[in-house]
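Summary of the model geometry
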Amino acid sequence: MAVISFIDAVTMAMREEMRRDPNVFVLGEDVGVRGGVFRATSGLIEEFGEERVIDTPLAESAIAGVAIGAAAYGMRPIAEMQFADFIMPAVNQIVSEAAKMRYRSNNDWNCPITIRAPFGGGVHGALYHSQSVEAMFNSTPGLKIVAPSTPYDAKGLLKAAIRDNDPVLFFEHKRCYRLIKGEVPDTDYVLPIGKADVKREGTDITVISYGLTLHFALQAAEKLAQEGISAHILDLRTLYPLDKEAIIEAASKTGKVLIVHEDNKEGGIGGEVAAIIAEHCLFDLDAPIKRLCGPDVPAMPYSPPLEKAFMLNPDKVYEAMRELAYF
Amino acid sequence: MAVISFIDAVTMAMREEMRRDPNVFVLGEDVGVRGGVFRATSGLIEEFGEERVIDTPLAESAIAGVAIGAAAYGMRPIAEMQFADFIMPAVNQIVSEAAKMRYRSNNDWNCPITIRAPFGGGVHGALYHSQSVEAMFNSTPGLKIVAPSTPYDAKGLLKAAIRDNDPVLFFEHKRCYRLIKGEVPDTDYVLPIGKADVKREGTDITVISYGLTLHFALQAAEKLAQEGISAHILDLRTLYPLDKEAIIEAASKTGKVLIVHEDNKEGGIGGEVAAIIAEHCLFDLDAPIKRLCGPDVPAMPYSPPLEKAFMLNPDKVYEAMRELAYF
Amino acid sequence: MSKMRHEEAGLTDQQVLDMYYYMLLARKIDERQWLLNRAGKVPFVISCQGQEAAQIGAAFAMQKDTDYLCPYYRDLGVVLVFGQTAKDAMLSAFAKKDDPNSGGRQMPGHFGGKKWNILTGSSPVTTQVPHAVGIALAAKMQKKELAVYTSFGEGSSNQGDFHEGANFAGVHKLPVIFFCENNKYAISVPLKKQLACESVADRAIGYGFKGVSIDGNDPIETYLAVKEARERGLRGEGPTLIEAVMYRLVPHSSDDDDRVYRSREEVEEAKKKDPILTFAAYLKEAGVMDEATEKEISDRVSKEVDEATEYAENAPYPDAESYKLHVYGE
Amino acid sequence: MSKMRHEEAGLTDQQVLDMYYYMLLARKIDERQWLLNRAGKVPFVISCQGQEAAQIGAAFAMQKDTDYLCPYYRDLGVVLVFGQTAKDAMLSAFAKKDDPNSGGRQMPGHFGGKKWNILTGSSPVTTQVPHAVGIALAAKMQKKELAVYTSFGEGSSNQGDFHEGANFAGVHKLPVIFFCENNKYAISVPLKKQLACESVADRAIGYGFKGVSIDGNDPIETYLAVKEARERGLRGEGPTLIEAVMYRLVPHSSDDDDRVYRSREEVEEAKKKDPILTFAAYLKEAGVMDEATEKEISDRVSKEVDEATEYAENAPYPDAESYKLHVYGE
Ligand SMILES: Cc1ncc(C[n+]2csc(CCOP(=O)(O)OP(=O)(O)O)c2C)c(N)n1
Ligand SMILES: Cc1ncc(C[n+]2csc(CCOP(=O)(O)OP(=O)(O)O)c2C)c(N)n1
Ligand SMILES: [Mg+2]
Ligand SMILES: [Mg+2]
């Protein structure tokens, strides 16, 4: 099995789906000859032509809205938002339209659209090329939010998103694109949307995370293992609707829970995760539910010392895990 | 002290602020001669003229964006979104611009804008005139979200919002507009943004809520009192950033917490409230943290039996409170 | 009006009589809904009154069964021509289970129905515009020959989605008809506070396609404009923006009171051009409709509306617990 | 070019020499930033190269100290004329504490500064357009006589915010100058995939105000167009949309590689109209600038850029913990 990067897994998923189903097409800014500013759509226009790999005008509400119309008609659009930060102009189309079409039409219409967007920081992207925007959408029934952390999951979940009959927001941590590599079969497989995944079995503390910080937790867990602390690590993978069973199981297992995400704390996904635990397995807990998150400031600053102070890293995660273990 | 309705308190606050400060002005759809579709701006154009009570073109992103520019220049705009549901086209302006101006300019610029929007259901408004959208904004540092539940709070907090030097989203439950009446001084007073308020003292269970459902909880508490159950009721009032101290204090007091809101459960404000409690006063709890919320469906349906089944009401809240009390 | 205008337009006598029938049907359904609202029987009405000529003229120029519609909330006339019935409209007004648009989930005026190629619509204005463009794009990819109609008010033409959708369609030369029903008001806000351009049609040039302004009180003129636009679109010459100028004869909705923002004189003046009256006059003048035919149509419409009302009033509501269904596909 | 073009435009010899100075300064700062980027010293550059004539021509027509600017990320030339210095630009490039735009919080190109009446800008394109309208509205309410300049690329003119902002300004007849720098590309996407209209200026009519398309390689033509627009605005005759046509001479940003989407021939062809060269030629031809003056300006610019670079490179970063500050006012 080949070891490939996260972004190559994303590209592979799109390529395979476009080969499999002529209704799958890609649209977005610079997705054509440029192959996307991160090069996630690299090679697609060469193989599928500019009819199926569409460089759109610079207008996110149209990208989403046109894709929604096409999806309702029967196509399977993959819309790229160049950066997650620039999904904002499309919020009305995503939340008022894509998410509500099935419900409002009493199941007559549906909207199988996938919206991909690179999120997260640590790439000198400053305020508007570093944001985690997932919490803006995690209270919108009708939508699904997926955020894989490994190449294997990225491929299997993106294929699932494309085949899903409902709208899926697919967030890719841009720092993972080339940093994270892993084995990815070049065969056709899909992974279930809605299922979290235990990325490491452990007995002392439970860490629940997703995206880049999941890898920080895995690194920290290695180090803690050498100190005799065993961490159980759950990768949420789907951020909405959350996999409640998996969260409850993981929390109950160790009785000590740390939730880690790069997005800021108040109002972040972690709040809902903590609430699920506090509602369903409170009496299994041996420690307060801790969250280690990005700071509650508007977005990540540019200047290197500021960015560094803002970002989580394996050390910060290690400290928080260790502290919890010794609680 | 006169007893007036919630909406009259809103109007009164705007009128007083417009008299006090010539930089305060109102803009939105139908806010002029029509006085707003709910009549919240009734009488203002007659007193202040169409220069300060502006019927805008039908374009929410411009309403927010123009107000932001005016606010940065030094005015104090009050922008009305006709329904909270229609704030979506303005999300980019609110989240990318208003919320981040101060931070991104290193405190050089700021954006003292107030955005009012009627939210919530129970008025035969169907999917798009009934939504609770607050959870979309409660992870955006730089913004403040206020949602009063009484006429007294509405006046004091709206005046505070207008005078605040940062952007404030001010959500008014439309069912409260004429249903909820209360004593409101016609003197000038402001209430602090960021402070929750104990609306009823009690010892057995704690209910945390805001908006219309706060009144359901108060009604239910009366009934429970007759059964010898004493409910402590905290009105959040400010939904972002939350008043952590007040939440922790209220939760610790009784050790049994029920969070109630009309917005759907997963990803709603209640998740963050529960997470704060689970992080800070877990060992004071005698019961799992319960949430009673709107259902996780895209929005409120129109047909009377569906709307009724969707909506919370005093009976449903009573049942949940009672169950918690006997836990 | 010249006697032969409909013939010049390629419309038969039967077709214009059918047009009249649909106009009257739309009007009478609408009027009945207001009565029902005032009687406390239906919670909400949003009207097509004054816009029937444009709607029926436009719908007649579209191809039922192949073309797609992304209409807006006033387009009762349009969806009737495409196959919805008085019963459907009443089921929707009463929010009953068998409302084909939404099973009673949405307010009336939120049209939709896959069987008629009518895309489900929502309340936030103008979101349907990019959808229409998406359908046209998809059809082009699938090599289907069809045009897409989408409509919106003049106030709604100020939304970003109009601009973004129109621009996209212009770049891709898609067969979309952007149909602006300029009824002079957006709720209480008059035209001059909404737009500073002479005509909404002036916006088309900014997207590189044709814009025309027509008399929306004239179904024949509307029919011709839409027909031409449709053909142009199918020839690969791109979209068209049509502004149909008319007047909203009643308040914005059953929740509105228009007396606070416009004079009764203005409304009365507009009523003189009520398209139902003027088109009836044309048909009579043209010798297409005599008193007997007029009565026959009128009776037929009344009967349909009566029956539909009774049927819908007695039809079952959706099951209370069914609000939980259809959040996601199975 | 005619010898007397600048005089006809009401510009003195000194003024056009100043214009040239600013154009060259912008260019040289930009070029230096690319070098610094390639040397790994600054993480990001976004260029004004090819757009200096339009920017400096426009800025000269605006009134420093009273007018307001809502510029976009390429407008280095504009902000220099309004008072920012090479040092400021370099402090921003190096993300240092004293960067006046943001204290190093934002990427370069995100201009702002209350003391210069430059509103803080962000990355999402076109959001500044409604802000400019809001400033003009506020100034009108406060009875201040001022105009507002806002700029954006041709790709960005497809955003809803352009439409909504322009329409609002049209309705209120506000003195806003919508300045579109049409450099033919939006990152990799060429003009014809962005818009189907002949000229971005064609969009103005849809908002009821004037639109003009000008040669953005010519600072004098630009100066005149903006001056006229400004005066029209102050006379209460409303906004103007100006399309300045030019070419982006370098890749979109330091993260871009333009070889994959445009030919070297096309770029070389455009370089022949490089406004720095053509304006220098004009100044010489007009007898305003001799070799000595040219050298003097060039030396002055080089010295400023050198000094600014050194200063900024050695300037302190913001305090790491300061990222916590200024979320809300005190
Ligand atoms: C995005 C959005 N904002 C506000 C509203 C509330 N609203 C409903 S209809 C309407 C006026 C529409 O006017 P126009 O576009 O002229 O259409 P008309 O009703 O006159 O046919 C408004 C403001 C809405 N539905 N959607
Ligand atoms: C809303 C939004 N979407 C996408 C981007 C990413 N982006 C930055 S610049 C740019 C192209 C802009 O092109 P144009 O408007 O022509 O301006 P130019 O850069 O050519 O001067 C894009 C797509 C962005 N900044 N904001
Ligand atoms: Mg209208
Ligand atoms: Mg460009």
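Model, not experiment: these values are computed from the prediction. (Residues numbered from 1 in each chain as written. Chains lettered and ligands numbered in written order. Predicted model: local features only at pLDDT ≥ 70, side-chain atom pairs only at ≥ 80, totals over all residues. Heavy atoms only, no water.)

Time to look at the pairing of strand β4 (residues 76-80) of chain B. All names here are of chain B. Counting buried residues along β4, five of its five residues qualify, which places the element largely inside the surrounding structure. Side chains R76, I78 and E80 of β4 all project onto a buried face; the interleaved residues P77 and A79 project onto the opposite face, where all are buried too. Direction of pairing for strand β2 (residues 24-28) relative to β4: parallel, over a ladder of five bridges. In the strand pairing of β4, F25 is matched with P77. As judged from the three bridges shared by β4 and strand β5 (residues 114-119), these two strands associate in the parallel manner. The residue of β5 that forms the bridge with E80 is R116. (Buried < 20%, exposed > 50% of the residue type's maximum accessible area, 1.4 Å probe, protein only. Helix = DSSP H or I, 4+ residues; strand = E, 2+ residues; numbered from the N terminus. Pairing = 2+ DSSP bridges.)

A separate point is the relation of the copies chain A and chain B. Take chain A, turn it by 180°, move it 0.0 Å along the axis, and it overlays chain B with an RMSD of 0.0 Å. Taken together, the rotation and translation relating the two chain copies correspond to the operation of a two-fold axis. Looking at the interface residues of chain A, 98% of them are also at the interface in chain B, so both copies use one shared face. (Least-squares fit on C-alpha atoms with pLDDT ≥ 70 in both. Contact = heavy atoms within 4.5 Å.)

Residues and elements named next belong to chain D. Bound to the magnesium ion (ligand 4) on the protein side are E154 (OE), E154 (OE), N183 (OD1) and Y185 (O), at distances that span 2.0 to 2.5 Å. Around the magnesium ion (ligand 4), the six donor atoms sit at angles spanning 53 to 175°, and that spread fits a shape best called irregular. Between consecutive donors of the magnesium ion (ligand 4), the numbers of intervening residues give the motif E-x28-N-x1-Y. Separated by 31 residues along the polypeptide, E154 in the loop between β2 (148-153) and α7 (160-172) and Y185 in strand β4 (residues 185-186) bring together distant segments of the chain. (Donors = N, O, S within 2.8 Å, 3.2 Å for Na, K, Ca; no water. Tetrahedral: all angles 85-135°; square planar, octahedral: opposite > 155°, others 65-115°.)

Checked against the element boundaries, Q93(B) lands in helix α4 (residues 91-97). In this structure Q93(B) comes out as buried when scored by relative accessible area, which is 0%. If we ignore the near neighbours within four places in the chain, the residues touching Q93(B) are S61(B), A64(B), G65(B), I68(B), A98(B), T127(D), P130(D), H131(D) and D161(D).

Our focus in this paragraph is the site of ligand 2. The environment of ligand 2 is made up of 21 residues, and the closest members are E60(A), Y72(D), Y73(D), S156(D) and Y185(D). The environment around ligand 2 is built from residues contributed by chains A and D. Residue R74(D) places a side-chain N or O atom 2.7 Å away from an oxygen atom belonging to ligand 2. At 2.6 Å from an oxygen atom of ligand 2 is found a main-chain nitrogen or oxygen belonging to Y185(D). Bound to the protein, ligand 2 loses 97% of the 570 Å² it would expose on its own. Looking at the shell around ligand 2 residue by residue, the classes come out as nine nonpolar, eight polar and four charged. (Near = heavy atom within 4 Å. Polar contact = N/O pair within 3.5 Å; in protein donor to acceptor, adjacent residues only side chain to side chain. Areas by Shrake-Rupley, 256 points an atom, 1.4 Å probe, with all protein chains shown as cover. Nonpolar A, V, L, I, M, F, W, Y, C, P; charged D, E, K, R; others polar.)

By a frequent convention, interface size equals the accessible area lost on bringing the separate parts together. Facing 22 residues of chain C, the contacting portion of chain D comprises 22 residues. Together chain C and chain D conceal approximately 1,600 Å² of surface at their shared face, both sides included; 53% is due to carbon and sulfur atoms. Among the residues of chain C in contact with chain D, H163(C), V171(C) and A196(C) are the three that bury the most area, contributing 29% of the side total. For the interface between chain C and chain D, the tally reads zero salt bridges. Our count for the contact surface shared by chain C and chain D stands at twelve residue pairs in polar contact (both at pLDDT 80 or more). The set of elements that each furnish at least two residues to the side of chain C that touches chain D consists of α7 (160-172) and α8 (191-194) of chain C. Among the elements that take part in the side of chain C that touches chain D, α7(C) stands out by supplying seven residues, more than any other. (Buried area = accessible area lost by both parts, 1.4 Å probe. Salt bridge = Lys/Arg side-chain N within 4 Å of Asp/Glu carboxyl O.)

Residue and element names in this part refer to chain A. Domain annotation of chain A identifies domain 1 (2-184) and domain 2 (197-325). For domain 1 versus domain 2, the separation of C-alpha centres amounts to 26 Å. Each partner contributes residues to the interface: domain 1 has 33 residues there, and domain 2 has 23 residues. Summed over both partners, the interface of domain 1 with domain 2 comes to about 2,300 Å²; 60% of that surface belongs to carbon and sulfur atoms. Of all residues in domain 1, H124, N138 and S149 bury the most surface against domain 2, accounting for 21% of the area lost on that side. For the interface between domain 1 and domain 2, the tally reads two salt bridges. With a closest N to O distance of 2.6 Å, K199 and D153 form a salt bridge. Looking at the side of domain 1 that touches domain 2, the elements that each hand over two or more residues are β6 (144-146), α6 (151-163) and α7 (176-179). (Domains from an automatic or database assignment.)

On to the nonpolar core, then. Counting 334 residues, the largest nonpolar core has F137(A), F171(A), M321(A), F137(B), F171(B) and M321(B) as the members making the most contacts within it. If we ignore the near neighbours within four places in the chain, the residues touching F171(A) are A84(A), I87(A), A117(A), F119(A), V133(A), E134(A), F137(A), I145(A), V146(A), A147(A) and P148(A). In terms of nonpolar packing, the next biggest core, distinct from the first, is built from 70 residues, V78(C), F82(C), F111(C) and A280(C) among them. (Core = buried A, V, L, I, M, F, W, Y, C linked by side-chain atoms within 4.5 Å.)

Residue and element names in this part refer to chain A. Taken together, the seven strands give an open sheet; going across it, the order is β3-β2-β4-β5-β7-β6-β12, and neighbouring strands pair in mixed fashion. For this open sheet the edge positions go to β3 (53-55) and β12 (238-240), each flanked by a neighbour on one side alone. This sheet shows a mean twist of 20° between the axes of neighbouring strands, independent of strand direction. Contacting β2 (24-28), β3, β4 (76-80), β5 (114-119) and β7 (168-173), helix α1 (residues 6-20) runs over the sheet at an angle of about 130° to β2. Contacts between α6 and the sheet are confined to β2, β4, β5, β6 and β7, with β7 contributing the most and set at about 160° to the helix. (Axes fitted to C-alpha atoms, helices over the stretch in contact; angles between N-to-C directions.)

Attention shifts here to the relation of the copies chain C and chain D. In the superposition of chain C on chain D (RMSD 0.0 Å, axial shift 0.0 Å), the rotation amounts to 180°. By residue overlap, the copies meet face to face through one surface: 100% of the interface positions of chain C are interface positions in chain D.

This part is about the coordination of the magnesium ion (ligand 3). Residues and elements named next belong to chain C. Each protein donor to the magnesium ion (ligand 3) is listed here as E154 (OE), E154 (OE), N183 (OD1) and Y185 (O); together their distances run 2.1 to 2.5 Å. Classification of the site at the magnesium ion (ligand 3) rests on its six donor atoms, whose angles at the metal span 53 to 174°, yielding the label irregular. On the primary sequence, the residues serving as donors to the magnesium ion (ligand 3) are separated as E-x28-N-x1-Y.

Turning next to helix α10 (residues 269-280) of chain B. Taking 1.5 Å of rise per residue, the twelve residues of α10(B) would be expected to cover 16 Å, and the 17 Å separating its terminal C-alpha atoms lies within 8% of that figure. All buried positions along α10(B) are accounted for by I269(B), G270(B), G271(B), E272(B), V273(B), A274(B), A275(B), I276(B), I277(B), A278(B) and E279(B). (Expected span 1.5 Å × (residues − 1).)

As a further point, take the pattern of salt bridges. Counted by the stated rule, this structure contains 96 salt bridges over all chains. R291(B) is the partner of E279(A) in a salt bridge, and the nearest nitrogen-oxygen pair spans 3.6 Å. Remark: R291(B) occurs in strand β14 (residues 290-294) and E279(A) occurs in helix α10 (residues 269-280); the pair is interchain, linking two chains. Across the pair R116(B) and E80(B) runs a salt bridge, and its minimum N-O distance is 2.8 Å. Taken as a pair, R116(B) in strand β5 and E80(B) in strand β4 lie far apart in primary sequence, 36 residues in all. Accessibility assignment for this pair places R116(B) and E80(B) in one class, buried. Salt bridges sharing common partners tie together E16(A), E17(A), R20(A), K155(A), K159(A), R163(A) and D188(A).

It is worth spelling out the confidence of the model for chain C at this point. Per-residue confidence for chain C gives a mean pLDDT of 97, with 99% of residues at or over 70. Across the predicted assembly, pTM comes out at 0.99 and ipTM at 0.98. (pLDDT = per-residue confidence, 0-100.)

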